[in-house]
Amino acid sequence: MEPGLSNMTATSTNEVSLVDKAIEKSPDMIDENDDSKEGVKVSFSHVDIREYDIQIGNSPFCVGPAIELGWAYSIQQPLNIDLYEARREGKRREKMEMLVPSFYRIEKLREFGYSSKEIYQGHNMNKKKEGNMGMIFSKLRKKSKNNQAA
């Protein structure tokens, strides 16, 4: 699975959710100071993972062609939440680790069947949208890289 190209949802094992309990009460019966919700526990049994197709995106702030999630997706086998967490080892990605280099975006777009011409046209469309704001963003990005190198 490619990083950043999946959507995960966890499913609760509780049969009666807090929402169901709230629906049972009419709005005039709900007491916002009600302490009965204390002690209610929620647990999750598995993670559902969807892998989405990618398509040429329209971000003017992208150097090279932008990508975005498409509408088509495939559903993977549900994964036990404990197994998922063990594989993840509690690691979270840093902001810079979530940036996708342009050569990788081009490679992925080609894997999804886009021609070089389509990729080039998408890139040029984004460059036209970039305008002043994009130039400012590019300058800030370069300045940030220079500061990190120092």
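Look above for the structure.
The following refers to the structure shown. Values in this document were obtained by computation on a predicted structure and should not be read as measured data. (Residues numbered from 1 in each chain as written. Predicted model: local features only at pLDDT ≥ 70, side-chain atom pairs only at ≥ 80, totals over all residues. Heavy atoms only, no water.)

## Quick notes on the packing of aromatic side chains
For clarity, the cut-off: Whether two aromatic rings pair depends on their centres lying within 6.5 Å, for rings of Phe, Tyr and Trp, where Trp uses its six-membered ring; planes under 30 degrees apart make the pair stacked, over 60 edge-to-face, and the rest tilted. Starting at the N terminus, helices and strands are each numbered in turn, a helix being any DSSP run of H or I of at least four residues and a strand any DSSP run of E of at least two. Between buried and exposed lies partly exposed: a residue is buried under 20% and exposed over 50% of the maximum accessible area for its type, with that area taken using a 1.4 Å probe on protein chains only. The rule for a charge over a ring is simple: NZ of Lys or CZ of Arg within 6 Å of the ring centre, and within 35 degrees of the ring normal.
By the definition in use, this model includes one aromatic pair. On the basis of an interplanar angle of 45° and a centroid distance of 5.2 Å, the ring pair of Y52 and Y73 is categorised as tilted. Linking Y52 in strand β2 (residues 44-56) with Y73 in strand β3 (residues 67-75), this pair joins segments that are 21 residues apart in sequence. By relative accessible area, which is 40% here, Y73 ends up partly exposed. The ring centre of Y73 lies 4.3 Å from the NZ or CZ of R50, which sits over that ring.

## Thoughts on the pattern of salt bridges
Which entries qualify depends on this criterion: For salt bridges, the criterion is a side-chain nitrogen of Lys or Arg within 4 Å of an Asp or Glu carboxyl oxygen.
Enumeration according to the criterion identifies two salt bridges in this entry. For the salt bridge of E85 with R88, the shortest nitrogen-to-oxygen distance reads 2.8 Å. Pair noted here: E85 and R88 are both in helix α2 (residues 81-88), with a separation of three residues, about one helical turn. Given the relative accessible area of 34%, E85 is considered partly exposed. Residue K108 is joined to E111 by a salt bridge in which the shortest nitrogen-to-oxygen separation is 2.8 Å. Of the two residues, K108 and E111 both sit in helix α3 (residues 102-111), three residues apart, roughly one turn of that helix.

Interpretation note: all reported values are geometric properties and have no functional meaning in isolation.
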